[in-house]
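# Observations on chain architecture
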Amino acid sequence: MTAKEPLTSIEAELYELSMPGRLLGKEVLDNRARRIGIVRSIRIGLNPTRSELIVKGAEVEFPVDFGKVETVGTVVQLNSMVKDAEEIEVHDVIRLQKEVLDDMRSYLAGR
């Protein structure tokens, strides 16, 4: 590689093998305590360096920078408001967890 060649962006998406895991499948709440989705995966990138949670909500998936994570416990609490996601109910959390688990199983079965 010469100094003139631009560095290409490298990205990887990480999953846990259990549902819910230490992050995967946990409910995500914004700073107004609105339940907005669950953690679907973790994405890391190089050039530029970044790390983010991929949150699966009602009809939407979106990245959340790790800098916006306030705490991780039984839920993932964000330190900011998320305008692009509508609030979901407990039964939606269960449905979303099942969808993510089914996606993981189909991916692993296809290997």
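Residues numbered from 1 in each chain as written. Predicted model: local features only at pLDDT ≥ 70, side-chain atom pairs only at ≥ 80, totals over all residues. Heavy atoms only, no water.

## Re the layout of surface pockets
Put simply, the rule reads: Residues are said to line a cavity or pocket when one of their atoms sits within 4 Å of a point; the points come from a 1 Å grid over protein atoms alone, cavities being sets where a 1.4 Å probe fits but cannot get out and pockets being open sets with protein on both sides within 12 Å along at least five of seven lines. Grid points are joined across faces, edges and corners, and a volume is the space filled by probe spheres set on the points. Numbering goes from the N terminus for both helices and strands, where a helix is a DSSP run of H or I of at least four residues and a strand is a run of E of at least two.
The computed volume of the largest pocket comes to approximately 190 Å³. In this structure, the largest pocket is lined by Glu13, Tyr15, Leu17, Arg40, Val100, Asp103, Met104, Tyr107 and Leu108. The element contributing the most residues to the lining of the largest pocket is helix α1 (residues 90–109), with five residues. Of the volumes computed, that of the second largest pocket is approximately 160 Å³. Lining of the second largest pocket is provided by Phe62, Pro63, Val64, Asp65, Lys68, Ser80, Met81, Val82, Lys83 and Asp84.

## Let's talk about unusual backbone geometry
Put simply, the test is: Accessibility here uses a 1.4 Å probe with only protein chains present; expressed as a share of the type maximum, an area under 20% marks a residue as buried, one over 50% as exposed, and anything in between as partly exposed.
Residue Pro48 is reached from Asn47 by a cis peptide bond, and omega for that bond is 0 degrees. Residue placement: Pro48 occurs in the loop between β3 (35–46) and β4 (50–57). Here the phi dihedral of Asn47 falls at roughly 65 degrees; this positive angle occurs in a residue that is not glycine. Position of Asn47 among the secondary structure elements: in the loop between β3 and β4. The residue Glu59 is not glycine, and still its phi comes out positive at about 65 degrees. With respect to the element layout, Glu59 can be found in the loop between β4 and β5 (60–65). You can call Glu59 exposed: its relative accessible area is 79%.

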